[in-house]
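# Overview (structure and organization)
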Amino acid sequence: QVQLVESGGGLVQAGGSLRLSCAASERTFRPYTMGWFRQAPGKEREFVAAITWSGGSIYYADSVTGRFTCSRDNAKNTMYLQMNSLRPEDTAVYYCSARSGATDTPRIANEYVYWGQGTQVTVSS
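Within any chain, residue numbers begin from 1 and follow the written order of that chain's sequence. In view of the model being predicted, local features appear only for residues whose pLDDT reaches at least 70, and side-chain atom pairs are presented and counted only at 80 or more, with totals across whole chains, interfaces and linings using the full set of residues. The basis for the side-chain values is all heavy atoms of the structure; hydrogens and waters are excluded.

### Some remarks on the nonpolar core
Within soluble globular proteins, side chains that are nonpolar generally end up buried alongside one another. Formed by 33 residues in total, the largest nonpolar core has its most connected members in Trp36, Leu81, Met83 and Tyr94. Here a helix means four or more residues in a row that DSSP labels H or I, a strand means two or more in a row labelled E, and each is numbered from the N terminus. When residues of this core are traced back to their parent elements, those giving at least two are strand E3 (18-24), strand E4 (33-39), strand E5 (46-52), strand E7 (68-73), strand E8 (78-83), strand E9 (92-99) and strand E11 (119-124). By residue number, the principal contributor to this core is E5, which donates five residues. The definition of a nonpolar core used throughout is a set of buried Ala, Val, Leu, Ile, Met, Phe, Trp, Tyr and Cys residues joined through side-chain atoms within 4.5 Å. With a 1.4 Å probe rolled over the protein chains alone, any residue whose accessible area is under 20% of its type maximum counts as buried; one over 50% counts as exposed, and the rest are partly exposed.

### Focus: the packing of aromatic side chains
Pairing of aromatic side chains requires ring centres within 6.5 Å, counting the rings of Phe and Tyr and the six-membered ring of Trp. Pairs whose planes differ by under 30 degrees are stacked, by over 60 edge-to-face, and all others tilted. All chains considered together, the criterion is met by five aromatic pairs. Between Phe37 and Phe47 the ring centres are 5.6 Å apart and the planes differ by 75°, which places this aromatic pair in the edge-to-face class. Note that Phe37 is positioned in strand E4 and Phe47 in strand E5, a separation of 10 residues in sequence. Each member of the pair, Phe37 together with Phe47, is buried. Here Phe37 and Tyr112 contribute two aromatic rings whose centre-to-centre distance is 5.5 Å and whose plane-to-plane angle is 75°, an arrangement assigned as edge-to-face. Here Tyr112 lies in the loop between E9 and strand E10 (114-115) and Phe37 lies in strand E4, a separation of 75 residues in the sequence. Residue class for Phe37 comes out buried when judged on its relative accessible area of 1%. Of the aromatic side chains, those joined through ring pairs into one cluster are Phe37, Phe47, Tyr112 and Trp115. Between the NZ or CZ atom of Arg45 and the centre of the ring of Tyr95, over which it lies, the distance is 3.9 Å. Two conditions define a charge sitting above a ring: the NZ of Lys or the CZ of Arg must be within 6 Å of the ring centre, and it must be within 35 degrees of the ring normal. Across from the ring centre of Trp115, 4.8 Å away, lies the NZ or CZ of Arg45, which sits over that ring.

### Description of the environment of Gly16
Along the chain, the position of Gly16 falls in the loop between strand E2 (10-13) and E3. Here Gly16 falls in the buried class, since its relative accessible area comes to 17%. A contact between two residues is defined here by any heavy atoms of the two lying within 4.5 Å. In this structure, Gly16 is in contact with Met83, Asn84, Ser85 and Leu86, ignoring residues within four places of it in sequence.

### Digging into the pattern of salt bridges
The salt bridge criterion pairs a side-chain nitrogen of Lys or Arg with a carboxyl oxygen of Asp or Glu, the two atoms within 4 Å. All told, the structure shown has four salt bridges when counted by the stated rule. When the shortest N-O distance is used, the salt bridge between Asp90 and Arg67 registers 2.8 Å. In this pair, Asp90 sits in the loop between E8 and E9 while Arg67 sits in the loop between strand E6 (58-60) and E7, placing the two residues 23 residues apart along the sequence. Accessibility expressed as a relative area gives 0% for Asp90, which makes it buried. Two residues, Glu111 and Arg99, come together in a salt bridge whose shortest N-O distance is 3.4 Å. Note that Glu111 is positioned in the loop between E9 and E10 and Arg99 in strand E9, a separation of 12 residues in sequence. Via salt bridges that share partners, Arg38, Glu46, Arg67 and Asp90 belong to a single interconnected network.

This is the structure in structure tokens:
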């Protein structure tokens, strides 16, 4: 069974940076679309970023555009989220997700089949 494992979360001051990683456990698993979502306490899960297999299409939420960069290394079966200029409102549990095929709606959580366990990101003011 495919597992997605996130790492890289932690506590950082406002204005700082963190880099999240998401590794797929199965080497034969080649997800075409991978995404990042986050969920803050008392709020619904929201889209952060998504990327297609070749990296030719990358999508961002308006709230993170210009500050976050999503990338992937298919040789390592790993996706990354570089987060710069972090703000207290970025505090949340961050989840990675994946689906085998393409989708016209990569910003929708229900489009994804596989999910990681989440990693906590806390930004202090």
